[in-house]
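# A closer look at the structure
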Amino acid sequence: GENVEQHPSTLSVQEGDSAVIKCTYSDSASNYFPWYKQELGKGPQLIIDIRSNVGEKKDQRIAVTLNKTAKHFSLHITETQPEDSAVYFCAASKGGSQGNLIFGKGTKLSVKP
Amino acid sequence: NAGVTQTPKFQVLKTGQSMTLQCAQDMNHNSMYWYRQDPGMGLRLIYYSASEGTTDKGEVPNGYNVSRLNKREFSLRLESAAPSQTSVYFCASSPTTGFSGNTIYFGEGSWLTVV
C-alpha cells in the first residue's frame, strides 16, 4: 500500500546550524505534502505545505522542496533555535481518495544552545 | 476561538470496558478525523467524516466506531477496549472535503491506557 518514509528519525544540531529532514512517498497520485511540528504534549501543527505544481516554497526560516519525479520532498530549517526542538512529521495525500493523509513516522529534532 | 476540542485528556480503562472520546470543532469545517499516534508509528487514520452525515474507514478502523453527531461533533467509541488500543488519540478537522490544499487542524490529544 501507500507509504511515506521519513529520515532521519532523530536529528541533533547546534543552534544556528541548518536542519534537513527528508521524506519519500510511494503513491504517484499524491499531490499535497504538508509538514507538521509537534511539541511535547501537544497536537501536531502545520508549519508549511507544498502542492505538486510547485517545486519549492519558503516561509522565513523554513522551506520545503519537492521532486515529483523522484517522489521525495524535504524540509529545511535554517538558523535553528532551541524552540525549533520538536518532532516533525511529513505527510502525503492519498491520491484519488479524499479524507486521508499518509504520515511519516516522525523526526525528533533537538537544537542544542 | 477554541479550534478542535477533545475530551477526556486522560483515561485509564480496563480491558473489555467501553468508552467514547468526544470531539468538537468551532471552525465550521466540513471534514473531521480521528487519528491514533503510537511510538515509532507516526499518525494513523482510524476513521474520517468527509461531511456531516458520512463516515469512512481509514487505515486502522478495527475495534472502533464513530458518529458524526452534527457538523461540529465527531465522536470515537471503543466498544470493548483492548491493551492494543493504548495510544494517544487525536481528533482533527479541515475546511473542505478534499485534501489538496487543505490545512488539517489537530486537537490537543487524548491519552488512553487500557490495562
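Keep in mind that what you see is a predicted model, and the values were worked out from it rather than measured.

What follows concerns the pattern of salt bridges. On inspection of all chains with the given rule, the structure shows seven salt bridges over all chains. Between A:Lys42 and B:Glu108 there is a salt bridge, with the nearest N and O atoms lying 3.4 Å from each other. Here A:Lys42, found in the loop between strand 4 (32-38) and strand 5 (45-51), pairs with B:Glu108, found in the loop between strand 10 (105-106) and strand 11 (110-114), and the two come from separate chains. Assessed through its relative accessible area of 40%, A:Lys42 is described here as partly exposed. The partner of A:Lys57 in a salt bridge is A:Asp49, with the nearest N and O atoms 2.9 Å apart. For A:Lys57, a relative accessible area of 37% corresponds to the partly exposed category. Residue classification places A:Asp49 among the buried residues on the basis of a relative accessible area of 12%. Connected via shared salt-bridge partners are B:Arg36, B:Asp38 and B:Arg44.

All names here are of chain A. On the basis of which strands lie adjacent, the open sheet formed by five strands has the order 1-3-8-7-6 and antiparallel pairing. Across the chains shown, the open sheet's two edge strands, defined by having one partner strand only, are strand 1 (4-7) and strand 6 (56-59). The average undirected angle you get between the axes of adjacent strands in this sheet is 15°. Pairing analysis gives six bridges linking strand 3 (residues 19-25) to strand 8 (residues 72-77), with the strands arranged antiparallel. For Lys22, the partnering residue across the bridge sits in strand 8 and is Ser74.

Parameters and conventions
- Residues numbered from 1 in each chain as written.
- Chains lettered and ligands numbered in written order.
- Predicted model: local features only at pLDDT ≥ 70, side-chain atom pairs only at ≥ 80, totals over all residues.
- Heavy atoms only, no water.
- Salt bridge = Lys/Arg side-chain N within 4 Å of Asp/Glu carboxyl O.
- Helix = DSSP H or I, 4+ residues; strand = E, 2+ residues; numbered from the N terminus.
- Buried < 20%, exposed > 50% of the residue type's maximum accessible area, 1.4 Å probe, protein only.
- Pairing = 2+ DSSP bridges.
- Axes fitted to C-alpha atoms, helices over the stretch in contact; angles between N-to-C directions.

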